[in-house]
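# Results of the structural survey
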Amino acid sequence: MTKIMIFGTFDMIHKGHEDFFRQARALGEEPHLVVSVARDANVQRVKGKVPRSSEEVRREALGAHPLVDVAILGDEEGYISHIREVSPDVIALGYDQQGEYVAKLEHDLRDADLAVTVVRLQPFKPDVYKTSLLRKASGTLEQ
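Summarised in this report is the structure supplied together with it. (Residues numbered from 1 in each chain as written. Predicted model: local features only at pLDDT ≥ 70, side-chain atom pairs only at ≥ 80, totals over all residues. Heavy atoms only, no water.)

## Here we look at the nonpolar core
- Counting 16 residues, the largest nonpolar core has Ile 6, Phe 10, Phe 21, Ala 24, Leu 33, Val 35 and Leu 62 as its most contacted members.
- Of all the secondary-structure elements, those providing two or more residues to this core are strand S1 (2-8), helix H1 (15-25), strand S2 (31-37) and strand S4 (90-93).
- Once you skip the residues sitting within four places of it in the chain, Leu 62 turns out to touch Phe 10, Ile 13, Phe 21, Val 35, Val 37, Val 68 and Ala 71.
- Membership of the second largest hydrophobic core comes to 14 residues, among which are Met 5, Leu 105, Leu 109 and Leu 114. (Core = buried A, V, L, I, M, F, W, Y, C linked by side-chain atoms within 4.5 Å. Buried < 20%, exposed > 50% of the residue type's maximum accessible area, 1.4 Å probe, protein only. Helix = DSSP H or I, 4+ residues; strand = E, 2+ residues; numbered from the N terminus. Contact = heavy atoms within 4.5 Å.)

Take a look at the structure:
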């Protein structure tokens, strides 16, 4: 079994996310996909707005998705402790994931003595399947 971990807010699950899940699952034999759902407070701090759905609602929706083996809530501060608990073989990053956690991820993994391969995945129709664009197209205003 290959344990693959991904991270995100996942305020709505769309075809871009499903492609993200498929790409991540393709990274190993007998894939076990663990999705770390961003905590509400962290989304507020990083993105400057609260998610439309609570962290628990988002976690439950992801946990019920057929491409996801388990969905967990991320750490309230930092990220290394829950990565250590999951002990993934691979961490897959979305094509557009950036910021403080991503910039320091490989360094922090080494400092924590965690031997994890970090892979950047490819975009899937990013001009169509991006949560902010889908909300604008449907007339749903961002908070």
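The discussion continues.
## Some remarks on unusual backbone geometry
- Even without being a glycine, Glu 30 presents a positive backbone phi close to 45°.
- With respect to the helices, strands and loops of the structure, Glu 30 is situated in the loop between H1 and S2.
- Positive phi values are uncommon outside glycine, yet Ser 87 reaches one of about 55°.
- Counting through the fold element by element, Ser 87 comes out in the loop between helix H4 (80-86) and S4.

## A few points about the packing of aromatic side chains
- The full count for this structure, using the stated rule, is three aromatic pairs.
- Pairing Phe 10 with Phe 21 gives two aromatic rings, centres 5.9 Å apart and planes at 45°, and the pair type is tilted. In this pair, Phe 10 is assigned in the loop between S1 and H1 and Phe 21 in helix H1, connecting sequence segments 11 residues apart.
- With centroids separated by 4.9 Å and ring planes inclined at 70°, the aromatic side chains of Tyr 79 and Tyr 101 adopt a geometry described as edge-to-face. With Tyr 79 in the loop between strand S3 (70-73) and H4 and Tyr 101 in helix H5 (residues 100-111), this pair connects stretches of sequence that are 22 residues apart.
- What links up through ring pairs into an aromatic cluster is the set Phe 10, Phe 20 and Phe 21. (Phe/Tyr/Trp six-rings, centres within 6.5 Å; stacked < 30°, edge-to-face > 60°.)

## A look at the side chain of Arg 58
- Its place among the elements puts Arg 58 in helix H3 (residues 55-63).
- Assessed through its relative accessible area of 2%, Arg 58 is described here as buried.
- Of the polar contacts made by the side chain of Arg 58, one reaches the backbone oxygen of Ser 53; its length is 3.0 Å.
- Contacts of Arg 58, omitting those with residues within four sequence positions, involve Thr 9, Phe 10, Asp 11, Val 37, Ala 38, Arg 39, Asp 40, Val 43, Pro 51 and Ser 53. (Polar contact = N/O pair within 3.5 Å; in protein donor to acceptor, adjacent residues only side chain to side chain.)

## A few points about the pairing of S4
- Burial along S4 is two-sided: Val 90 and Ala 92 facing one way and Ile 91 and Leu 93 facing the other are all buried.
- Two elements, S1 and S4, share two bridges in a ladder whose sense is parallel. Bridge pairing in S4 places Met 5 opposite Ile 91. (Pairing = 2+ DSSP bridges.)

## A word on the sheet that holds S3
- Strand order in the open sheet made by the five strands is S3-S2-S1-S4-S5, with parallel pairing throughout. With partners counted over all chains shown, the strands left at the sheet margins are S3 and strand S5 (117-120), one partner each. On average, adjacent strands in this sheet sit at an angle of 25° to one another, irrespective of strand direction.
- Bridge analysis of S1 against S2 gives seven bridges, and the strand direction is parallel. If you follow Thr 2 over to S2, its bridge partner there is Pro 31.
- Lying over the sheet, H1 contacts S1, S2 and S4, oriented at roughly 150° with respect to S1. (Axes fitted to C-alpha atoms, helices over the stretch in contact; angles between N-to-C directions.)

Everything listed here is a matter of coordinates, which is why it stays silent on function.
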